[in-house]
Amino acid sequence: MGTLYLVATPIGNLEDMSPRAIRILREASLIAAEDTRHTGILLKHFDIETPITSYFEHNKLNKLDFILEQLSTGDVALVSDAGSPAINDPGYELVRAALASNYDVRPVPGPSAPIAALTVSGLPTDSFLYLGYLPHKTSERHKRLQEVESQPYTLVFLESPYRIVEALEDILSILGNRRICVGREMTKMFEEYWRGDVNGAVEYFRSQPTRGEFTLVIEGMTTDDDEKWTVERLQNAIELELRNEKSAKDISVDLAKQSGWKKKEIYALINQNK
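Residues numbered from 1 in each chain as written. Predicted model: local features only at pLDDT ≥ 70, side-chain atom pairs only at ≥ 80, totals over all residues. Heavy atoms only, no water.

Student: Would you mind going over empty space enclosed by the protein with me for this structure?
Tutor: Over the atoms, a rolled probe matching the size of one water molecule traces out where space is still vacant. Taken as a whole and judged by the stated rule, the model has one cavity of 30 Å³ or more. Taken as a whole, the largest cavity encloses approximately 40 Å³ of empty space. Lining the largest cavity, in full, are Glu-34, Tyr-55, Leu-78, Val-79, Ser-80, Pro-85, Ala-86, Asp-89, Pro-90 and Gly-91. Residue composition of the lining of the largest cavity, by class: six nonpolar, two polar and two charged. (1 Å grid on protein atoms, 1.4 Å probe; cavity = no way out; pocket = protein on both sides within 12 Å on 5 of 7 lines; lining within 4 Å. Points joined across faces, edges and corners; volume = space filled by probe spheres on them. Nonpolar A, V, L, I, M, F, W, Y, C, P; charged D, E, K, R; others polar.)

Printed below as a string of structure tokens:
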């Protein structure tokens, strides 16, 4: 019986590929990859000629039986496009299926964008909450942020360049002006880490080209966040909600739950902004 290896691959810099990862990929009977073209470039660079098959979100159910069959005769290595597999990809379903079939599953540790950004953020690392990508829809993004606004743990999110400003605006509106580290293009040529507060991040990235994948590391709720919001923070939140064409009544109800202000006070501020 074979072993399923979860092999971490570079998130940018190919020098981060470990000798063990290269050996496992060479010795495996099959490599299951999220994107065979992307992984093919990696394999060519390291002169790895192991057969490769695709395993991604839209074919995961069809490929499970095939990969399990391959495990019956030899080792299979699972890789994602970058970083550690089974995080933000369907790899976890393959892991579950392999374990259910009594195959051995082992990690080959290596690069991971959330951990890399967390360690250089300057924010607490003793306890953190990783939440993957924020939802695409504004309403769902708000709901997700509201679910974690009272958590004391450092928060780690991923975000695409196409929604980074909108995401930061929503973070400012719901979580407040917390400390943040924004990692972009990590380990690549244009690697950047922006550190400051959320308000500053909004202003900075509004003026930047939308390039590269982002990792956001945000301060957890502190005791100061239990206090009533400042007028400035509340007005910023109102402006963002008005852009989403929400009614004054709905805005008043939603923000009253978060800000410590009364609904009638918020309603009055909304009318002043009109």
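Student: Please clarify how the sheet that holds strand E2 (residues 30–33) should be interpreted in this entry.
Tutor: One key point about sheets: their strands pair by backbone hydrogen bonds, in either a parallel or an antiparallel sense. If you trace the five strands from one edge of the open sheet to the other, you get E3-E2-E4-E1-E5, paired in parallel fashion. Of all the strands in the sheet, the pair left with one neighbour each is strand E3 (52–54) and strand E5 (104–108). Neighbour-to-neighbour, the strand axes of this sheet turn through a mean angle of 25°, independent of strand direction. In this structure, strand E1 (residues 3–7) lies alongside E5, joined through five bridges in parallel fashion. Note that in E5 the partner of Val-7 across the bridge is Val-108. Packed on one face of the sheet, helix H1 (residues 19–27) meets E1, E2, strand E4 (76–79) and E5 and runs near 140° to E1. (Pairing = 2+ DSSP bridges. Helix = DSSP H or I, 4+ residues; strand = E, 2+ residues; numbered from the N terminus. Axes fitted to C-alpha atoms, helices over the stretch in contact; angles between N-to-C directions. Contact = heavy atoms within 4.5 Å.)

Student: I keep staring at helix H6 (residues 138–148) and nothing clicks. Help me out?
Tutor: Residue pairs three or four apart in sequence face the same way in an α-helix, which turns once every 3.6 residues. Regarding H6, the residues found buried are Arg-141, His-142, Leu-145 and Val-148. With its buried residues spanning 135° around the axis, H6 presents them on a single face. Exposed residues lying more than 90 degrees from the buried face of H6 are Ser-139 and Lys-143. On its buried face, H6 is in contact with strand E6 (128–133), strand E7 (154–159), helix H7 (164–175) and helix H9 (231–243). (Buried < 20%, exposed > 50% of the residue type's maximum accessible area, 1.4 Å probe, protein only. Arc of directions from axis to C-beta.)

Student: I keep staring at the side chain of Thr-215 and nothing clicks. Help me out?
Tutor: As for its position among the elements, Thr-215 is in strand E10 (residues 214–218). Note on Thr-215: relative accessible area 3%, which makes it buried. With residues up to four places along the chain from it excluded, the contact list for Thr-215 reads Ala-113, Pro-114, Ala-117, Val-156, Phe-157, Leu-158, Cys-181, Val-182, Gly-183 and Met-186.

Student: What's the story with the pairing of E2 in this structure? I'm lost.
Tutor: Sheet faces and side chains relate simply in a regular strand, where the side chains alternate between the two faces. In E2, alternate side chains face the same way, and those of Leu-30 and Ala-32 on one face and Ile-31 and Ala-33 on the other are all buried. Note that E2 and E4 share four bridges and pair parallel. When the bridges of E4 are listed, Ile-31 appears paired with Ala-77. When E2 meets E3, the two strands line up parallel, connected through three bridges. Its bridge partner lying in E3, Ala-33 is registered against Ser-54.

Student: Could you clarify how one ought to interpret the nonpolar core in this entry?
Tutor: Considering soluble globular proteins, one finds that nonpolar side chains tend to be buried as a cluster. Counting 23 residues, the largest nonpolar core has Phe-157, Leu-168, Ile-171, Ile-180, Phe-205, Leu-216 and Ile-218 as its most contacted members. Among the secondary structure elements, those contributing two or more residues to this core are H6, E7, H7, strand E8 (179–184), helix H8 (198–206) and E10. Ranked by residues supplied to this core, first place goes to H7 with eight residues. Contacts of Phe-205, omitting those with residues within four sequence positions, involve Val-165, Leu-168, Val-182, Arg-184, Trp-194 and Phe-214. By size, the runner-up hydrophobic cluster in this structure holds 17 residues, among which are Ile-24, Leu-43, Phe-46 and Val-79. (Core = buried A, V, L, I, M, F, W, Y, C linked by side-chain atoms within 4.5 Å.)

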